[in-house]
Structures are given as structure tokens and as C-alpha cells.
Amino acid sequence: MKISPALPILLAGLSGVSAFAPSNVARPATARMATVEEEKTSFDPAVVMGSSSRELNQMIKAEFPEMSFITRKTLSKSKMVEMLTDAPTVSAGGKVDWSVQKGAATFGLSLDKNPIETASPTKAFPNAVEAFPGALTNQELVQMIDATLDEAGYDREKTLVACSLCCDEVNRPLENDIAGVYTNNFNMGGLAGFPFGGAVAFGAMSAHIPDGGDTLMVYGPHVGVDSKGNIGTVERRGKENGGSCCGSAVAASGYVADVLSGATEKAAIPDDPLHAQQAYVSDMLLPYAERLDTADNKMQELPYALYDAQQDMVGRIIEKAAAGVAGDGKIAVLGGVQINTPAGFSDYFLPLSFELYNNSGDLVEDFMSSTNRPFNKVKEIFPGALSNAELVAKVGQTLEANGYDKKTTLVATSLCCDEVNRPLEDAFSGDYDTNFNMGGLAGFPFGGAVSFGAMSAHIPDGGDCLMVYGPHVGVDSKGAVGTVERRGRAAGGSCCGSAVAASGYVAGVLKGDEPATLPEDVVDAQQYFVGKALLPYAEQLEKAEDKMIELPYALYGAQTELTKRIVETSNTDGNVAVLGGIQINTPPGFTDYFMPLSFDMHNGKGEVQKQLWS
Ligand SMILES: [Zn+2]
Ligand SMILES: [Zn+2]
């Protein structure tokens, strides 16, 4: 079993709150936004254009105090310029400031709340975000928690917080910062952050929730990042050598490595509290031994493994003890990795799950259901796949380096009809405005040379074109390929349905069935062409170890051929960049992916100029 620390890679390039967007905060403009519009000062575009990223970031912080957490990594330079210079676009209601609304949507924050003050240091520590991309400062975290729970109907005065964080004194500042909003926390945690108080502690905590109130549980392992960027250690007050952080976790990782290598036997849990807790930590880490062993950076992977082990234990506690919460009290559960930093800097917390349960233990809402949420199974099945956000960012950089200007670029897509494929188009639209749609069933560019010609005629003057094509394939929550959970349906069914139908057809022809002929009626023509284009791949599919994984590759081959013939008909002044690959759909609440297989630059006559990505 090889599980890479996928999350840091997936979130690389994103920072802070952009990696975390609670689903419930994209709500209509409020009066607060109108106020912001009134306060908005205009910047001289010439000054803005000539400013460095650092200066732009400072201007944004001054202009939008509610987004003071924005780091330079969060926004591209062009986005910052846009925020500072674009005239507010007034909605039909006449009250919406474009950039603030867009910012709110991007960061998933409610804007009509006063920023929360926290007691612990707020000074940024970039090493922490570099080691754990997506991590929030304590202050950002508390602000995010408060905004999210407020939306969910929590009352600060009637909320009891239960923390399960490691014994280590470096973990108290987070509890103190949360206490600044909700008062003292119930403490369920023990070594390495496991909720060793168990179901009994949760039951006791439930009995302490103020009448009519709710609870928030915060749990997670912790890991130090020192001033040199080393992971798994941190400078400590008054000590020359910091040592391990988390010490319990590092000790347990040594034990599981020894068991894996056979250097030591799996130990029994001692029947004595003197040593029991650490033995449990080691025991619960044991299923992750191989994953830690194969990790590029064991100290970085360790807290992710511990988080998984703790998530399992927390799930069992909720299942067993949720009923102890009275009335219609709710249970919010935030899990993640706590990151300790040297003295004087803010600590961080990387949220990995934030869910709301009722007191029957049923999941009511997934606060982290965000279009940026990674779905780790995809990268194991389709190595090299990029999340939609990663793809759009990477494509943007490549095109910009090749003289493209977003304002004069037209995106043409050829993706399957299936509604699960629109998020990728939306992601590109965020940068390039709405797309020209050449695609039909299974993602073939059925608009053909005519649609390509029409599209070319729509490219802004002096601009260029980006064409994105490819088949799609679903990966469901269990890792099955060729299907995916669909909104509001108990059974997901095929994904891509057209492709799966065509694969059945070509398998039949391979066995001797009569090939179909062009149907007289146009209503049946497109699927016929999908089947015909797939026929040359019938044997390749038949021989494949996993037909459902092979199918999109075969379709990609067929589509590349048709696309090539279409692009050869180009007649435009600008360039035509053509990106081909496989689009991967995931269950609701997770980002989709795209595995790039070719990205070539053509001139306006359709001739290949260079390979953009190899
Ligand atoms: Zn610890
Ligand atoms: Zn489809």
C-alpha cells in the first residue's frame, strides 16, 4: 500500500483560507458589503500596475481589513491588481461590490462579522504554511470557526468547546484563543492528541453544555516546525535543544517502524495506567507503519497518519455518545493538524475535516465541502492528475509565459455533455470568461471544423485561443473507476455513460457482431460516431487489466485524432494552444481532476510550434 502525503501536494500553491471554503457562506450580499463599497478608495491604476506583489498585498490589507489574513501566496499579482483597480460592478440590487463579494466567495468567509482578536501572537511564520499548505493561523482559524458556527445557528454563549489536543504545553495557546470566544474548554485529550477521555468524557461534556446549546469538538495531532523549517521539532522556552514535537508521536513512529522491520514484536497494552496511554498511541499508529515507511518526509507524514487514526477514534466516540447531547443540540467536529512554531510567532492549524452531526450521530452538514477539497484516491489511479484549480493555475502560467493575455484569450472546450463536467469549465471561466463549447457525447468535438471556425471568429482582437478537450471518467468514494456518486441519487451509475455504452458496442463487434451503419436520423448519430471512433481501440480495451481505467485513454486517443484534424483547419491571427487529457469526476463535495496528456502550441494556421508540457 503506497499512500503519499497527497494533501500538501494537492494544496501546494494555495495558502490560508483559500484552501478552505465552508459551503454555507456563499450567501447573498449583505449590508456590510454596501458599507465596504462606500468606504472603497480608488487606486491609481498606474501606481498599482507598477507595485510589487508585496506592496499590492499591503494595499489590499489596508483596503480590505476583513481580509487581513491574505498572504502574498494566496492571490496572484493579477488578482490583486484587479481587486484594487476594477470599478465596482453594481448588481441589480445596486449594493454589491464586485471585488469584496468575489473575495468573500474565494475565501469562504462571512464579511459581516468583526474580526476576532486572539491572545496568542499573530506574527506569520511562513515555514509552517510551506510545510503544511492550507494551514491557518490561530486567529484565522478562530475567525473561520466562529463564522461557520454562526451560520449553523450556534450561539457563542451557549456553546461548549471540547478539545482533544496533546498534553504538550505548546498546545495551550490554541485552546486559549478558542476560549477567547467560547470560554474554557472541556479537555478530552491525552498523549499525541488522542481523545483518551473516550465516550465517557464526551458524555460528561455533553451534560455540561448550556441549556439549549451546542458543542464544538476540536481534535488533532500536533507537529513542530522550527525556525529553520525542520518538521517534527521546535524551539522551546528556555531550552537550547528543542527536541521532538510531538514527542509521543515520534516515539510511537519509532515503535511502528521497528514492528514493521521485525526488529521488535507487537506489544500488548499494559494493564496499568502508568504506561497504557503511550501503548495505545503506538497501537493505533500501527496500521500506518508502511505508509510512514514509504513517505518522502516521515515527520511530515506522521501527523497526517495520526489524524487518520484519531478521526477513526472520534467517529466511534460520536457514534457511541452523541445521544448525550440534549434537545436538538448540535455537534460540530473540527479535525486537523496543529502546527507549533517558535516563540513570538502564531501557531497554525491545518483543517482536514469540519462536520456537523445531530445527536443521533448523523452527519448533517459537511462544512468543508468545497470545490478545492482534495480527493486523494484520484492521484493513485491517474498519476499526474491535477486538481481543477492546480490545472487552471498551471495552464495560466504557461500561457502567460507564451505571450497570452487573459483578457484576450478565448477558451474552447470539448467535454462531455454530462453536468459533472461543468466545474472544469467554470474553473477556466474564472480566469478567461465564458467558454465556447465544441463538445458532445463522451467529450468528442462534435461541433467539428465549423464550430472551431466560428470560435476563431470570436477571439478578441489580437488575442489567442486555448482549446481543452478530453473524455471523462468517474472515481467513486470507494475508489471504483467508471462510476461516481451523483447528487440526489442513491445509485450513481456509469460515468461516462456514453463511453461505457460505446465500449459495450465495440466489445460486441470484436466478438463478431455486425458493425453499425450511420443512422438516418440525426437523433441517433452522435452516439454512433462515439462507437465508430472507439472501434480501432476494441482490442486494446479487451486486453486491458482494468477496462474502465483503459477506456478514457482509448477515447483520448480517438479524440486527439479528431481534434488534430479540426485544428489543422485553423485560420486565425493568434495562437491556438491545445490541451488534451482525461477529466476525472469525484463524489460531491470534492474537487475534480484533469490528467494532462498533451499540451501543444499551434500557430494560427494549425501548425505545431512547440510542446508546452512534456
Ligand atoms: Zn505531543
Ligand atoms: Zn459522459
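Here we summarise the structure given alongside this text. None of these values were measured; they are calculated from a predicted model.

**Concerning helix α19 (residues 497-510)**
Given a rise of 1.5 Å per residue, 14 residues ought to cover 20 Å, and the 20 Å separating the end C-alpha atoms of α19 matches this to within 8%. Considered for burial, the residues of α19 that qualify are Ser498, Ala499, Ala502, Ser503, Tyr505 and Val506. Taken down its axis, α19 places every buried residue within 160° of arc, on the same side. Tucked inside the fold, the buried residues of α19 contact α20 (525-534), α21 (538-543) and α22 (547-567). Looking one or two residues past α19, Gly512 carries a phi angle of roughly 115°, positive in sign.

**Considering the pairing of strand β6 (residues 331-340)**
Among the ten residues that make up β6, ten are buried, leaving the element largely enclosed by the rest of the structure. Bridge count between strand β4 (residues 214-219) and β6: five bridges; the pairing is parallel. Note that in β6 the partner of Met217 across the bridge is Val333. Across three bridges, the pairing between strand β5 (residues 222-224) and β6 is parallel. Looking at β6, one finds that Gly224 is bridged to Asn340. Strand direction decides the pairing type here: β6 and strand β7 (residues 348-357), joined by nine bridges, are antiparallel. Across the sheet, residue Val333 finds its bridge partner in β7, namely Glu355.

**Considering the pairing of strand β16 (residues 608-613)**
As defined by bridge partners, strand β15 (residues 593-602) adjoins β16 across four bridges and the pair is classed as antiparallel. Residue pairing in the sheet places Met601 in a bridge with Lys610 of β16. Counted between consecutive antiparallel strands, the loop separating β15 from β16 contains five residues, among which Gly606 sits at a positive phi close to 85°.

**Digging into the nonpolar core**
In terms of nonpolar packing, the biggest core is built from 81 residues, with Ala128, Phe132, Ala135, Ala192, Leu285, Ile339 and Tyr348 touching the most fellow members. A total of eleven residues in this core trace back to one element, the largest contributor, which is helix α14 (residues 298-321). Apart from the residues lying within four places of it in its own chain, the contact partners of Tyr348 are Ala128, Val129, Phe132, Ala135, Leu136, Thr137, Ile339 and Thr341. Membership of the second largest hydrophobic core comes to 68 residues, among which are Leu410, Leu424, Phe428 and Met595.

Calculation rules
- Residues numbered from 1 in each chain as written.
- Chains lettered and ligands numbered in written order.
- Predicted model: local features only at pLDDT ≥ 70, side-chain atom pairs only at ≥ 80, totals over all residues.
- Helix = DSSP H or I, 4+ residues; strand = E, 2+ residues; numbered from the N terminus.
- Expected span 1.5 Å × (residues − 1).
- Buried ≥ 20, exposed ≤ 12 C-beta atoms within 10 Å, placed from the backbone.
- Arc of directions from axis to C-beta.
- Contact = placed C-beta atoms within 7 Å.
- Pairing = 2+ DSSP bridges.
- Core = buried A, V, L, I, M, F, W, Y, C linked by C-beta atoms within 7 Å.

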